[in-house]
Amino acid sequence: MTNDIDARLHAKEKRRDRIETFLKQHPVILVLKTNLPGDKTHSTEAALLLRQFNHLCETFLHIPGEFHQAADGDYYLYGTKTDATKLKKHMLYLEDNHPLGRLVDLDVHTPKGPLTRKQLNVTERRCFLCDKPATVCRRENNHDENELVAFIENRVRREILDALKRTAVDALRKEIFTYPCFGLVSSKNSGIHKDMNISHFLSALEVLEQAFETYLRLGLEDTIDLDALRARGKEHEERLLSHCKNINTHKGAHFIFGLILPHMIRTLFANGTFDAMLAAIKKDAAKITTSDFTNLKTAKTCGEKAYQQHQIKGVRGELENGLQSIMDWYPQKTLSPIQKLVKIMARLEDTTLMKTGKETLNDVKACMQAVEAADFQTLEKIQDCLKDTVSPGGAADLLAVTFFFENTDHLFAKTP
Ligand SMILES: [Zn+2]
């Protein structure tokens, strides 16, 4: 116990020294730390909170945070020239209004010392549970530690689940609004499709959001029961089809996100890396491929026909290979959406391009490989050429997955 207190005091001193040193190089320092009870200081929740808020701070300040481990809780430091008072006001806003803001401290230091709420005439911080001043509840020991821990665990779970669900739906929406996009349905026109338009796609998102909630919840259970996941998937797929009056807008995307989402949330709460998530997805996708294709007699869907005639596994194969059509080049966040789409099309066995046989797929792939090799110089011409003939539905689904990863990959542990 004494050792523990010593270690925490020592950590506090060390942080103070580090801030002093940092202040010799930068006029203003921001310190991001979690504000959790002792037992939770080094928990998965703490790690997720730090990564989430580090992402916000880095995006806001346009500088990378410097990560430090410490016995009293890990933290990030940011050295900046931003006006200290303005920065403190923004950070107070986050602390008081972000759904997880009460669980972190965002302290601003200058050579004159830390800026306080009192100096800015802002009310003191509130307790997580009862909304009294936090200092009062701490001094009077108002709450049982178990109550606090349960609150923190539930709040972080709920927020991460909501964030993943929202980001997945936003990624699909962003894909629908991507233009130019060859002959896919977009906000400008229906591409080569006569039976559907953007309204069908946008209204499907409501059903998908409910489906995603189900899959994320399954991911938080002790083990991911693949049979249960597929049974729920089948139900949601039917709801999706009937909602869209039997027009298939998101069958592929629903399948892909249905496998990614539970594995992602599971990996995040196991403090795992992005690669650990991919490994888990590969394993389950291999089981799905075996069960779907091994005893396939009459091929009904486009995907089943592609496998029976050409041994092409389509979206299942892509998941089994750990999303190689994306991971081959990911991340390249500065590329335009259509450039990302080209990169995917250059690699993917997109069964939606195999309606008349394998030739279209092979031609399109070769064409996209050439566009990529020419550093996209020929893209405009090719886009114009293919916009009335080619609708790469499978690649579009993976473009949405790319958008999704770009907005969530900061949540993963960097090292195993
Ligand atoms: Zn309280």
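Residues numbered from 1 in each chain as written. Predicted model: local features only at pLDDT ≥ 70, side-chain atom pairs only at ≥ 80, totals over all residues.

Enquirer: Go over the overall build of the protein, please, and point to the residues and values.
Expert: In terms of helices and strands, the protein carries 16 helices and five strands. Counting only C-alpha atoms, the protein reaches 70 × 45 × 35 Å along its principal axes. Counting the 416 residues in the protein, one finds 35% classified as buried. Here the analysis covers contacts within the protein between residues at least 6 apart in sequence; of these, 69% occur between residues at least 24 apart. (Helix = DSSP H or I, 4+ residues; strand = E, 2+ residues; numbered from the N terminus. Buried ≥ 20, exposed ≤ 12 C-beta atoms within 10 Å, placed from the backbone. Contact = placed C-beta atoms within 7 Å.)

Enquirer: I'd like a description of the nonpolar core, backed by residues and values.
Expert: Side chains of a nonpolar character, in soluble globular proteins, are inclined to be buried together. Counting residues in hydrophobic clusters, the biggest one holds 94 residues, and the most contacted among them are Leu-32 and Leu-261. With 10 residues, the top contributor of residues to this core is helix H8 (residues 251-268). Taken together, domain 1 (2-143) and domain 2 (151-411) each give at least three residues to this core, which thus spans both. Not counting residues up to four positions away in its chain, the partners in contact with Leu-32 are Leu-50, Phe-53, Asn-54, Cys-57, Gly-65, Tyr-75, Tyr-76, Val-104 and Leu-106. (Core = buried A, V, L, I, M, F, W, Y, C linked by C-beta atoms within 7 Å. Domains from an automatic or database assignment.)

Enquirer: Just give me the short version of unusual backbone geometry, but keep the residues and values in it.
Expert: Omega for the bond connecting Tyr-179 with Pro-180 falls within 30 degrees of zero, at -5°, which places this linkage in the cis form. Structurally, Pro-180 can be placed in the loop between helix H5 (145-176) and helix H6 (198-219). Tyr-330 connects to Pro-331 through a cis peptide bond whose omega is -10°. In this structure, Pro-331 sits in the loop between helix H12 (324-327) and helix H13 (337-345). With a phi angle near 60°, Asn-121 is a residue other than glycine that sits in the positive phi range. Looking at the element boundaries, Asn-121 is found in the loop between strand S5 (113-114) and helix H4 (134-139). Asn-121 gets classed as exposed once you count the C-beta atoms within 10 Å, which come to 6. The phi dihedral of Asp-375 is positive, around 55°, even though this residue is not glycine. Structurally, Asp-375 is set in the loop between helix H14 (358-373) and helix H15 (379-386). The class of Asp-375 is exposed, set by 9 C-beta atoms lying within 10 Å.

Enquirer: Residue-level account of the domain arrangement of the protein, with values.
Expert: Each assigned domain of the protein is listed with its residue range as follows: domain 1 (2-143) and domain 2 (151-411). The C-alpha centroid of domain 2 is placed 38 Å from the C-alpha centroid of domain 1. With 15 residues of domain 1 in contact, the opposing surface of domain 2 contributes 12 residues. Broken down by class, the residue content of the side of domain 1 that touches domain 2 amounts to nine nonpolar, three polar and three charged. (Nonpolar A, V, L, I, M, F, W, Y, C, P; charged D, E, K, R; others polar.)

Enquirer: Before we move on, could you go through the pairing of strand S1 (residues 28-34) and cite the residues and values that matter?
Expert: Across the seven residues that make up S1, a large majority, seven, are buried. Burial along S1 is two-sided: the residues Val-28, Leu-30, Leu-32 and Thr-34 and Ile-29, Val-31 and Lys-33 are all buried. Summarising the sheet, S1 and strand S3 (residues 75-80) pair through six bridges and their orientation is antiparallel. When the sheet's bridge partners are listed, Lys-33 is paired in S3 with Tyr-75. (Pairing = 2+ DSSP bridges.)

Enquirer: So what's going on with the packing of H6 against helix H7 (residues 226-243)? Residues and values would help.
Expert: At a minimum axis separation of 10 Å, H6 and H7 run at an interaxial angle of 170°. Regarding the angle of H6 to H7, the classification is roughly antiparallel. Between H6 and H7, the contacting residues are Ser-203, Ala-204, Val-207, Leu-208, Ala-211, Thr-214, Tyr-215 and Leu-218 on the first element and Ala-228, Leu-229, Arg-232, His-236, Arg-239, Leu-240 and His-243 on the second. Per-class residue counts for the contact of H6 with H7 are nine nonpolar, four polar and two charged. (Axes fitted to C-alpha atoms, helices over the stretch in contact; angles between N-to-C directions. Parallel < 35°, antiparallel > 145°, perpendicular 65-115°, else oblique.)

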